[in-house]
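Breakdown of the fold
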Amino acid sequence: MLKLDDHEQAMLAGAEGRARQWAMQQLIQVGRFFDAKELVKVSQVHLMADTEALGEEGVRFLEGIAAYPEAERRVRVPTVTDPRGADFTAYRRIKQKEEFVELEKRAADALRALGILMTDTCINYQTILPPVKGEHLAFGDTGSTIYANSVLGARTNFEGGPSALSAALTGRVPRYGFHLDEHRRGTTRFAVEAWLADYSDWGALGAVIGRRMRSYFEVPVIEGIASAPTSDQIKHFGAALASYGSTPLFHMVGVTPEAGRLSDVIDDRAPAISITDADISAYRASLTPADDTLHVVVFAAPQLSLIELQQLGALLDGRKVHPSVSLIATTSPEIKSAADRLDITRKIDGAGGILLQGVCFYQMHAREIGEANGWRRLMSNSAKLVNILGGYNYETVLGSMEACVESAVAGRIVA
Amino acid sequence: MSLRLVKGHPGIGDDVEGVVLAAADNFSARYDLDRINGVFSRPSHALYGQSYVGRILVLNAAKGGVATAWMLREMQARGLGPSALLLNFANPIMAQGAAFAGLPLIDRFEADITAVLKSGDRVRVSPSTGDVLILDRDVVEP
């Protein structure tokens, strides 16, 4: 039985307007589905609302909410946005259709009317307001969710767009899943003996473990990581794990805050599944193309941090991307400004690359831009991206950042 | 007379009857579907190339990202959605998407639902109780 307090009852009854009433109805349906006993207050919301996912119907819905009186439509907790479907400053460079951009503008106008901060980033945990251990959140991107839960010890389920919007309007989510101690225990133990150097290695490890995940509530515990990864390395690991496994939480013994020791998160007599270099190699081999044809190189999913952009800029400085290949990198508007100011954008632009802001590749109508630009063979250092784009009519190849840059310059895939 | 009743956890949405499209594979609207043409578009998916429009879609687990939470409503609005979703294991995204779209959804069945139901079965789906009734087998698919 899902219990509501007086304020929640009032919102459900419509005392605070139809937007909050709709939001309460959404939260209750999901809460009952997962046998939640109550709602829990959240301190920030990360909203995914790109127009490829929204479609015309979703944009119309947002415009409907935006049309309510201001007191009824304003969000109740700080709410930031995930990447959007178009970079308004650069969409023509990748031949995006005007109709998609127009839809994107309508969605952005509606979201602004709700008091939502258009941060347009999936790395808000690196760039906007990193969550704190124990903080209850409504995060709406699998990568931001797994990072907040695992690396920072905050508490959130995957809150997809309608649900994150409901959380923003009410300040609450149903208390189930990863808000509860019992679901945060590890369920499956992995002993890793692998050499992890490049971001793509960390992503590959996430993919290998993610493929073994059978349900949302399975929590992998990773042992054998000798020294703490960087924020960007564990970002790629988590994003790939969440993408392949639909997994919102992992523990890394000695690294993540809830797993100081193995026994803190799982019975230390539980059998461990061994993950070795051979598993990583087999995964990479599954993404090896038949020939060296290359159309586009993409650095995205997650958006690049300032440090990753600095690394990319250094690799591209003074070089030229081959005329038959496109090179695209995506980041947040804040980091793009920093890259402009710190002479990083110039190095990427100068080599013929395109640095986009506020977007991610797969959220920009990837199928249509692929067709418009003749992109079919795509190389990336993001295991998450190569996973997603398999369903978008791309042949995807995973390589290190260095291999991706060398291939872009050569005009063909080079190892 | 029904052939069999399968029990799941109480779900989301209204009762519906329809013809099953089933496979022992997983599901994400963004990762697996061509939502313009209403077919599975991921080459490695067990239902690759098949139309899910108007079907009772039966698969194993929710996979992938958060986009499905918005997408199910858009698919329904354009008349290019499934008529219900039956999974062994939904995740919050499927539940949120079903609630937003008004799409019937049931999960956590007493047996592997992808083995119990076969493509072509006609079934009645009752989310309020979590019941799925098999009404007829080997229905000729429209």
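Residues numbered from 1 in each chain as written. Chains lettered and ligands numbered in written order. Predicted model: local features only at pLDDT ≥ 70, side-chain atom pairs only at ≥ 80, totals over all residues. Heavy atoms only, no water.

Examining the pattern of salt bridges
The criterion, for reference: In what follows, salt bridge is the name for a side-chain nitrogen of Lys or Arg lying within 4 Å of a carboxyl oxygen of Asp or Glu. To qualify as a helix, a DSSP run of H or I must reach at least 4 residues; to qualify as a strand, a run of E must reach at least 2; elements of each kind are numbered from the N terminus. Here the term buried applies to any residue with accessible area under 20% of the maximum for its type, exposed to any over 50%, and partly exposed to those in between, with areas from a 1.4 Å probe on protein chains only.
In the structure shown here, the tally under the stated rule is 40 salt bridges over all chains. For Arg60 of chain A, the salt bridge is made with Glu56 of chain A, and the minimal N-O distance between the two is 3.2 Å. Taken together, the positions of Arg60 of chain A and Glu56 of chain A, both in helix α3 (residues 51-66) and 4 residues apart, correspond to about one turn of that helix. Judged by its relative accessible area of 44%, Arg60 of chain A is partly exposed. On the accessibility criterion, Glu56 of chain A (31% relative accessible area) is partly exposed. For Arg112 of chain A, the salt bridge is made with Asp109 of chain A, and the minimal N-O distance between the two is 3.4 Å. Linking Arg112 of chain A with Asp109 of chain A, this pair stays in helix α5 (residues 98-113), spanning 3 residues, or about one helical turn. Where salt bridges share partners, they join Glu56, Glu57, Arg60, Glu63 and Arg106 of chain A together with Arg73 of chain B into one cluster.

Re the sheet that holds strand β10 (residues 131-136) of chain B
What counts here: By definition, two strands form a pair when at least two bridges between them are found by DSSP. Axis definition: a line fitted to C-alpha atoms, limited for helices to the stretch in contact. Angles are taken between N-to-C directions and run from 0 to 180 degrees. Only heavy atoms matter for contacts: two residues are in contact if any of them lie within 4.5 Å across the pair.
Strand order in the open sheet formed by 8 strands is β1-β10-β9-β3-β6-β7-β8-β2 (chain B), and the pairing between neighbours is mixed. Two strands bound the open sheet, and with one partner strand each, they are β1 (4-7) and β2 (9-12) of chain B. The mean angle between the axes of side-by-side strands here comes to 30 degrees, regardless of whether they run parallel or antiparallel. Relative to strand β9 (residues 122-126) of chain B, strand β3 (residues 16-22) of chain B runs antiparallel, the two sharing 4 bridges. Residue pairing in the sheet places Val19 of chain B in a bridge with Arg122 of chain B of β9 of chain B. Sitting on the sheet, helix α2 (residues 18-33) of chain A touches β2 and β8 (105-107) of chain B, and the angle it makes with β2 of chain B is about 160 degrees.

Some thoughts on the interface of chain A and chain B
For clarity, the cut-off: The term buried area denotes the loss of accessible surface (1.4 Å probe radius) that occurs when two parts are joined, taken as the sum for both partners.
Listed as interface residues are 50 residues of chain A and, on the opposing side, 37 residues of chain B. Interface of chain A and chain B: buried area, both sides summed, is about 3,300 Å²; carbon and sulfur atoms make up 58% of it. Interface area lost by chain A to chain B is led by Phe33, Glu57 and Pro162 of chain A, which between them contribute 20%. Counting across the chain A and chain B interface gives 5 salt bridges. Between Arg73 of chain B and Glu57 of chain A there is a salt bridge, with its nearest N and O atoms 3.1 Å apart.

Details of the sheet that holds strand β2 (residues 45-47) of chain A
Residues and elements named next belong to chain A. If you walk across this open sheet you meet the 3 strands as β3-β2-β4, and the pairing is parallel. Each edge of the open sheet is held by one strand with a lone partner, namely β3 (79-81) and β4 (138-139). Across 2 bridges, the pairing between β2 and β4 is parallel. Its bridge partner being in β4, His46 is matched across the sheet by Phe139.

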